[in-house]
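Single-letter residue listing:
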Amino acid sequence: MKILVLNCGSSSIKFQMFDMTDQTVLSKGVVEKIGLNGSFLKLVKQNGDEVIFEGEILDHKIGIEYVLGVLSSKKHGCVANLNEISAVGHRVVHGGEKFNSSVLITDEVVAKMEECIDLAPLHNPPNLKGIEAIKEILPNMIQVGVFDTAFHQTMPKYAYMYGIPYSLYQKYGIRRYGFHGTSHRYVSRKACSLLGIDYNSSKIITCHLGNGASIAAIKNGVSVDTSMGFTPVEGLLMGTRAGDLDIGVVTYLMEKEKLGVETASTLFNKHSGMLGLTGISSDFRDLRKSVAEDNNELSKMAFEMYFYRVKKYIGAYTAAMNGCDVLVFTGGIGENDVMCRQGICSEMEWLGFDLDNELNSTIRAEEALLSKPTSKVKIMVIPTNEELMIAEDTLSFLQ
Ligand code: ADP
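First, a word on scope: everything that follows refers to the structure included in this document. In this text the structure is predicted, and so the values were computed from the model without any measurement.

Per the secondary structure count, the protein chain includes 15 helices and 14 strands. Against the 2.2 N^0.38 benchmark of 21 Å for 399 residues, the protein chain shows a C-alpha radius of gyration of 21 Å, consistent with a compact globule. Going through the 399 residues of the protein chain one by one, you find that 49% of them count as buried. Residue pairs at least 24 apart in sequence account for 60% of intrachain contacts in the protein chain once pairs closer than 6 positions are excluded. If you sum the accessible surface of the protein chain, you get close to 18,800 Å²; carbon and sulfur atoms cover 51% of it.

Right, here's the structure in full:
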């Protein structure tokens, strides 16, 4: 059974075709620069060969037509014809309070998704364009929406409310939603299945550390807290986002620097975090180099801040769940950056987190247990696979 997974961004479409009989990726790729000069489609075949197709890709519908054409082409395709595709799963960023799990897409569901646009004005519209395009091109195709926010809809009210007038929650839905839900769900489940423990009676902390970063507390199979909030800017220090910040700083800077709403948003989302602190890069590899080659003081400071912030959240979530059985690292940084995992887990033995530093230093981007046998908490690396999770959810509607 073949399932196509689509992740439509404002100017890009990422795609992966799965054969769900054995969960293999038959083909994957990305359409970039939609509506801009120089748009192209990059295809990565199952054997690893890459092919680039240049063309004028004016909108998402043309982009998806292009993807479907390539996937079913004689020369580069992985299906003989489009009827072989059983369903399409879409990543959708924001489901607000309307969606607490993945859904089969109907006209009614699309209308509800449109009501969530206000909460994610940059992300939800391209997600919807992808759904609309498939409906136009393949009207009978089964489509499923998988939301970044849905997994965190189980947070208790005391965890998701902000201390602002309740009327603003009622009027605008201002509350904490959390993101990266598909990733937190995938790695937490995978960790339990690898450890052979029951997901529904475990306490798990998952650290998704990529360009964007968030941490989640998952108790008895449901998310009970997460660090991103109304928007993805809250919580951990990130590549370019500030994370937790005294809102007094926002109003102070808006006044002092005469910042408008958009400029302020850009400052805290795109020019802050590791990039803003160091002035060098948001990429951990560049920052590591700046320490190794130049002993850069600002990079050293930024790393310490990064570790400290994650450590504080781990402590908080251990308290929130009255314990922790498993700590999972994932995302580009969590999977690859050995020193980051070591920095976060150092001096956490009292709390039960005892990392095997030697073992840790050998693990990159593979499923592995990193804690000492005596560690109360199992510490793991699990490479995330949001696309597979979307394909699995989509498959569940076919069964
Ligand atoms: P996104 O949030 O865009 O999906 P990723 O999860 O791919 O991001 O993570 C990207 C980040 O992972 C990069 O910015 C980089 O800092 C980090 N990263 C990737 N590979 C390595 C590596 N080998 N060592 C250290 N950091 C890495």
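The structure having been displayed, the exposition proceeds.
Turning our eyes to something else, we now look at the packing of helix 2 (residues 107–115) against helix 3 (residues 124–137). Put simply, helix 2 and helix 3 touch, their axes get as near as 10 Å, and they point 160° apart. Compared by their axis directions, helix 2 and helix 3 come out roughly antiparallel. The chirality of how helix 2 crosses helix 3 is left-handed. Seen from helix 2, the contacting residues are Asp 107, Val 110, Met 113 and Glu 114; seen from helix 3, they are Asn 124, Leu 128, Ile 131 and Lys 135. Residues of the contact of helix 2 with helix 3, tallied by class, amount to four nonpolar, one polar and three charged.

A few words now on the packing of helix 11 (residues 297–321) against helix 13 (residues 338–345). Closest axis-to-axis distance for the helix 11/helix 13 pair is 8 Å, and the angle between their directions is 50°. As the angle between them shows, helix 11 and helix 13 are arranged oblique. In this structure, helix 11 meets helix 13 at a crossing whose hand is right-handed. Residues Tyr 306, Phe 307, Val 310, Lys 311 and Ile 314 of helix 11 touch helix 13, and the partners they reach there are Met 339, Cys 340, Gly 343 and Ile 344.

Counted under the stated rule, the structure contains eight aromatic pairs. Ring centres of Phe 99 and Phe 147 lie 4.4 Å apart, and the angle between their planes is 10°; on these two criteria the pair is classed as stacked. Here Phe 99, found in the loop between strand 6 (85–92) and strand 7 (103–104), pairs with Phe 147, found in strand 8 (residues 142–147); they are 48 residues apart in sequence, far enough to count as distant. Here Phe 99 matches Phe 147 in class, with each residue buried. Each ring, one from Tyr 166 and one from Tyr 169, has its centre 5.4 Å from the other, and the planes form 55°; the classification is tilted. Residue Tyr 166 and its partner Tyr 169 are located together in helix 5 (residues 166–172), separated by three residues, close to a single helical turn. Here the guanidinium or amino end of Lys 112 rests over the ring plane of Phe 99, the centre of that ring lying 5.2 Å away. Of note, Arg 175 hangs over the ring of Tyr 160, and the distance from its end group to the ring centre comes to 3.5 Å.

What follows covers the pairing of strand 4 (residues 40–45). With six bridges joining them, strand 3 (residues 24–32) and strand 4 adopt antiparallel strand pairing. Directly across from Lys 28, in strand 4, lies its bridge partner Val 44. Taken together, the five bridges between strand 4 and strand 5 (residues 50–54) define a ladder with antiparallel strand orientation. Looking across to strand 5, one finds that Leu 43 is bridged to Val 51.

This paragraph deals with the sheet that holds strand 14 (residues 378–381). As summarised here, the arrangement of the six strands in space is 11-10-9-12-14-13, forming an open sheet in which the pairing is mixed. Both outer strands of the open sheet, strand 11 (222–226) and strand 13 (368–369), are each paired with one neighbouring strand and no more. Relative to strand 10 (residues 213–219), strand 9 (residues 203–209) runs antiparallel, the two being bridged by seven bridges. If you follow Thr 206 over to strand 10, its bridge partner there is Ala 216. Running at roughly 130° to strand 9, helix 6 (residues 181–195) makes contact with strand 9, strand 10, strand 11, strand 12 (326–330), strand 13 and strand 14 of the sheet. The sheet contacts of helix 13 involve strand 9, strand 12 and strand 14, and relative to strand 12 the element is tilted by about 150°.

Here the focus is the site of the ligand. Near the ligand the following residues occur: Gly 210, Asn 211, Gly 212, Asp 283, Phe 284, Arg 285, Gly 331, Gly 332, Ile 333, Asn 336 and Asp 337. Contact between the ligand and Arg 285: a nitrogen atom at 3.4 Å from a side-chain N or O atom of the residue. Relative to its unbound accessible area of 570 Å², the ligand is 66% covered by the protein chains. Within the residue set of the shell around the ligand, elements represented by two or more residues are helix 10 (284–294) and helix 12 (331–336). The element contributing the most residues to the shell around the ligand is helix 12, with four residues.

Thresholds applied
- Residues numbered from 1 in each chain as written.
- Predicted model: local features only at pLDDT ≥ 70, side-chain atom pairs only at ≥ 80, totals over all residues.
- Heavy atoms only, no water.
- Helix = DSSP H or I, 4+ residues; strand = E, 2+ residues; numbered from the N terminus.
- Rg over C-alpha atoms; globule rule 2.2 N^0.38 Å.
- Buried < 20%, exposed > 50% of the residue type's maximum accessible area, 1.4 Å probe, protein only.
- Contact = heavy atoms within 4.5 Å.
- Areas by Shrake-Rupley, 256 points an atom, 1.4 Å probe, with all protein chains shown as cover.
- Axes fitted to C-alpha atoms, helices over the stretch in contact; angles between N-to-C directions.
- Parallel < 35°, antiparallel > 145°, perpendicular 65-115°, else oblique.
- Left-handed = near helix turned anticlockwise from the far one by under 90°.
- Nonpolar A, V, L, I, M, F, W, Y, C, P; charged D, E, K, R; others polar.
- Phe/Tyr/Trp six-rings, centres within 6.5 Å; stacked < 30°, edge-to-face > 60°.
- Lys NZ or Arg CZ within 6 Å of the ring centre and 35° of its normal.
- Pairing = 2+ DSSP bridges.
- Near = heavy atom within 4 Å.
- Polar contact = N/O pair within 3.5 Å; in protein donor to acceptor, adjacent residues only side chain to side chain.

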